[in-house]
Amino acid sequence: MTFTIQIENGTEVRNAEADSQRTLYPYVTGTSVVAIKYKDGVLMASDMGGSYGSTLRYKNIERMKAIGKHSLLGASGEISDFQEILRYLDELTLNDNMWDDGNSLGPKEVHNYLTRVMYNRRNKFNPLWNTLVLGGVKNGEKYLGMVSMIGVSFEDNHVATGFGNHLARPILRDEWREDLGFEEGVKLLEKCMRVLLYRDRSAINKLQIAKMTEEGVTVSEPYSLKTFWEFKAFTNPTVGAEGSW
Amino acid sequence: MDLNLDAPHSMGTTIIGVTYNGGVVLGADSRTSTGMYVANRASDKITQLTDNVYVCRSGSAADSQVVSDYVRYFLHQHTIQQGQPATVKVSANLIRMLAYNNKNMLQTGLIVGGWDKYEGGKIYGIPLGGTVVEQPFAIGGSGSSYLYGFFDQAWKEDMTKEEAEQLVVKAVSLAIARDGASGGVVRTVIINSEGVTRNFYPGDKLQLWHEELEPQNSLLDILNAAGPEPMAM
């Protein structure tokens, strides 16, 4: 339901999005998440930025969180919606624990739940403005999937959101292998994250990499990547073409 | 020039919250505008929620007031039920609940700051949309755009109470210098284990910035001080 406010001289005030059944817009957003399956499980990487339009406003946001013992959820898009999704998952895992039957939610179940939530919100024209990456290992089975804000959901050996779709996917398609070791996997993700750092305006140089294996889920401490600027074409851009850039 | 006196009251604003070794310091300007007109030049944007938790309000004056009122009401009941003061985290989460669930209708950015016995001094930023971010310091409002660089350079961990308050006053004052939507006086609130202290810094107590001049009573004072032929060619 919508309403407009009228004032005395008959001019209408702008109609705020007072109708909660309408599509919103994001305010504080996270950029790409990249993830790959590897020999022992799944690796996921994201930076710690929360942009407010074009301003790089928050630089300490954890965009990857462990869900239960077996899964990890990474999110890009509106951070407040991600925080709300974490609350939903909290309730889900709590209720699951209360059964006290030795069973625990695995990545497949969590991914399915999130798909239902995202798709149903989309049908009501009130989406959670996120693209989610869900990874984990349970009973030796590696799992990696994605759900978008319109409810598109699938699994794959490697996934990327946002700018990562354009910049990271080609690299992963070329260089991903089934039998990547931990170190090779980390190097591959760092290659993607470095390209994103160079070419995505909303990326910041402070990232975390998370590891999911049968033993459990861990998220690394924040760290920064070295970058390279010493190409001759960079240091002397206009040699031979005065006036160009 | 159209003053647009019918525009909604908005606190252009500069708001700041900073933790220090022992508590928090909250600061704000005092300008509330209706379009181009300054509706209130001495507003108090640092509002009490409980004895130990305050909130800095920015954006729509009405929205921020009503959200604060609801949260004060909820926290009052929560305190009675708990039998002890509410924590800063709970206060921030209640604000978040209202901000997130009414994100389509509200236009207010808030900074919650306070002291409790479990976590000490804490600051939580709650921008548009209802994200909650715990931070060692937070800035908000239209004036904050001019302060990102300043804080990147001037902020340090573990300041004393005096250093923290000086930083806040300096920052609000810098923002007022450049943001048309911020102005008036600088108000600060210091919260720690000992209690709450309110301070007030009118324009003449602040240092002058680039291209600002010492305020005078009249040109005549300048002319008289300058000597016999002050306006000669």
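Please read these numbers as outputs of a predicted model, since none were measured by experiment.

With respect to helix α5 (residues 219-226) of chain B
Residues and elements named next belong to chain B.
- In terms of burial, α5 is largely open, as just zero of its eight residues are buried.
- For α5, the capping residue at the N-terminal end is S218, with a side-chain oxygen 3.0 Å from the backbone nitrogen of L220.
- Just beyond α5, the residue with positive phi is G227, at close to 115 degrees.

Some details on the environment of S43 of chain B
Residue and element names in this part refer to chain B.
- Note on placement: S43 falls in the loop between β5 (37-40) and β6 (46-48).
- According to the relative accessible area criterion, S43 is buried, its value standing at 8%.
- Measuring from C-alpha to C-alpha, the distance between S43 and T32 comes to 6.7 Å, with 11 residues separating the pair along the chain.
- Here S43 is in contact with D29, S30, R31, T32 and R187, once residues within four sequence places are set aside.

Here's the deal with the interface of chain A and chain B
- Listed as interface residues are 22 residues of chain A and, on the opposing side, 20 residues of chain B.
- Together chain A and chain B conceal approximately 1800 Å² of surface at their shared face, both sides included; 49% is due to carbon and sulfur atoms.
- Three residues stand out in chain A for area buried against chain B, namely Y27, R57 and Y58 of chain A, and they jointly supply 26% of the buried area on that side.
- Counting every contact that joins chain A to chain B gives two salt bridges.
- Between E84 of chain A and R96 of chain B there is a salt bridge, with the nearest N and O atoms lying 3.1 Å from each other.
- The interface formed by chain A and chain B contains 11 residue pairs in polar contact (both at pLDDT 80 or more).
- Elements with a minimum of two residues in the side of chain A that touches chain B: β5 (55-58) and α1 (79-98) of chain A.
- When residues of the side of chain A that touches chain B are assigned to their parent elements, the largest contribution, six residues, is made by α1 of chain A.
- For the side of chain A that touches chain B, a count of residues per class yields 10 nonpolar, four polar and eight charged.

Quick word on the packing of helix α1 (residues 61-82) of chain B against helix α2 (residues 88-101) of chain B
All names here are of chain B.
- The geometry of α1 relative to α2 is characterised by a closest axis approach of 10 Å and an angle of 135 degrees between their N-to-C directions. One way to sum up the angle between α1 and α2 is to call them oblique. Crossing hand, α1 versus α2: right-handed. Residues V67, Y70, V71, F74, L75 and H78 of α1 touch α2, and the partners they reach there are V90, S91, L94, I95, M97 and L98.
- Taken together, the residues of the contact of α1 with α2 sort by class into 10 nonpolar, two polar and no charged.

Considerations on the confidence of the model for chain A
- Looking at chain A as a whole, its pLDDT mean stands at 91, while 91% of the residues score no less than 70.
- Taken as a whole, residues 1-17 of chain A scores under 50 in pLDDT and shows 21 contacts with residues more than four places along the chain or in a different chain.

Describing the sheet that holds strand β11 (residues 158-160) of chain A
Residue and element names in this part refer to chain A.
- The five strands are arranged β11-β2-β3-β12-β13 in an open sheet whose pairing can be described as antiparallel. Sheet topology places β11 and β13 (216-219) at the edges, where each strand pairs with a single neighbour. Within the sheet, the average angular offset between the axes of one strand and its neighbour, ignoring direction, is 10 degrees.
- As defined by bridge partners, strand β12 (residues 207-213) adjoins β13 across four bridges and the pair is classed as antiparallel. Paired with M212 across the strands is V217, a residue of β13.
- Helix-sheet contacts for helix α3 (residues 163-175) involve β2 (33-38) and β11, and the interaxial angle to β11 is about 160 degrees.

What counts and what doesn't
- Residues numbered from 1 in each chain as written.
- Chains lettered and ligands numbered in written order.
- Predicted model: local features only at pLDDT ≥ 70, side-chain atom pairs only at ≥ 80, totals over all residues.
- Heavy atoms only, no water.
- Buried < 20%, exposed > 50% of the residue type's maximum accessible area, 1.4 Å probe, protein only.
- Helix = DSSP H or I, 4+ residues; strand = E, 2+ residues; numbered from the N terminus.
- Polar contact = N/O pair within 3.5 Å; in protein donor to acceptor, adjacent residues only side chain to side chain.
- Contact = heavy atoms within 4.5 Å.
- Buried area = accessible area lost by both parts, 1.4 Å probe.
- Salt bridge = Lys/Arg side-chain N within 4 Å of Asp/Glu carboxyl O.
- Nonpolar A, V, L, I, M, F, W, Y, C, P; charged D, E, K, R; others polar.
- Axes fitted to C-alpha atoms, helices over the stretch in contact; angles between N-to-C directions.
- Parallel < 35°, antiparallel > 145°, perpendicular 65-115°, else oblique.
- Left-handed = near helix turned anticlockwise from the far one by under 90°.
- pLDDT = per-residue confidence, 0-100.
- Pairing = 2+ DSSP bridges.

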